[in-house]
Amino acid sequence: RAELVMSRMAKRAFFNKTETLAAKALLEPNAGVTPVNATVNTATVIEGQIPLIQDKAPGRVALVMSSKTFTGLKLLPDIRERMKNTGIILGAGGDARHVTAEQLAAIFGVDQILIGPNNIWYDAVEAGARNNCALVVLPDETKDPAEEVQLGRFFYFQWDEEAEQYLIESFHDDDNDAEVIDAKGLGDLKMLNPSLATIITLPDSNATGA
């Protein structure tokens, strides 16, 4: 039973590493990439970027960010003002903390807002990119990426006939007199069609009281 629990934890740790690659690829600008500055008139800037990315490929459009960034985004004055004009009921004193991702998506006109855990989408990216979000055209798993223009994908290398994505091993650590569970995999992220992701710099979430 203990090994099963540790195996699940090791599996999650492997996929957390994989998700970190995605977070860094989407939020950290590569060479030659200049993020769109939305530190002023945030709602207007994001709204203006949506049709630009929609013209590049068919698909659902999403804003991707950390939980901390999402909380700070809701507290921006121009965002809260837009909430009032779209029928969203705020709390006492204009408190927007209860506003959902679905409501905020409707304000911007995107199909979805995807919120990642802070330990991956905030803490694990470089400090200068932590207030970034990404406007993306979501890939469609039902479409063949060789035939449809889609955003980057992960590649996993098969260990053997039984282990496709990762391999879990159990062994005894004599030095520490402990049973150890180790999960390891071979994989990488290839950013296909990077123009289907636009990095947007938001105001510092700490400055908004998040």
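Here's what I pulled together on the structure shown here. Source: prediction; values computed, not measured. (Residues numbered from 1 in each chain as written. Predicted model: local features only at pLDDT ≥ 70, side-chain atom pairs only at ≥ 80, totals over all residues. Heavy atoms only, no water.)

1. With respect to the nonpolar core
Here's step 1: The biggest cluster of nonpolar side chains holds 43 residues, and the ones touching the most others in it are Met83, Leu104, Phe108 and Ile113.
Here's step 2: Not counting residues up to four positions away in its chain, the partners in contact with Ile113 are Leu63, Met65, Phe70, Ala101, Leu104, Ala105 and Phe108. (Core = buried A, V, L, I, M, F, W, Y, C linked by side-chain atoms within 4.5 Å. Buried < 20%, exposed > 50% of the residue type's maximum accessible area, 1.4 Å probe, protein only. Contact = heavy atoms within 4.5 Å.)

2. Overview of a negative patch on the surface
Here's step 1: On the surface, Glu3, Asp174, Asp175, Asp177 and Glu179 cluster together into a negatively charged patch.
Here's step 2: Mapped onto the elements of the fold, Asp175 is located in the loop between strand S6 (166-173) and strand S7 (178-190). (Patch = residues over 30% accessible without salt bridge, like charges linked within 9 Å, V, L, I, M, F, W, Y side chains within 5 Å. Areas by Shrake-Rupley, 256 points an atom, 1.4 Å probe, with all protein chains shown as cover. Salt bridge = Lys/Arg side-chain N within 4 Å of Asp/Glu carboxyl O. Lys, Arg positive; Asp, Glu negative; His and termini not counted. Charge placed at Lys NZ, Arg CZ, Asp CG, Glu CD. Helix = DSSP H or I, 4+ residues; strand = E, 2+ residues; numbered from the N terminus.)

3. Side note on the packing of helix H4 (residues 77-85) against helix H5 (residues 101-108)
Here's step 1: Interhelical geometry of H4 versus H5 gives an angle of 90° and a closest axis separation of 10 Å. Taken together, the axis directions place H4 and H5 in an arrangement best described as roughly perpendicular. Between H4 and H5, the residues in contact are Ile79, Arg82 and Met83 and Leu104, Ile107 and Phe108, respectively.
Here's step 2: Its residues assigned to classes, the contact of H4 with H5 comprises five nonpolar, no polar and one charged. (Axes fitted to C-alpha atoms, helices over the stretch in contact; angles between N-to-C directions. Parallel < 35°, antiparallel > 145°, perpendicular 65-115°, else oblique. Nonpolar A, V, L, I, M, F, W, Y, C, P; charged D, E, K, R; others polar.)

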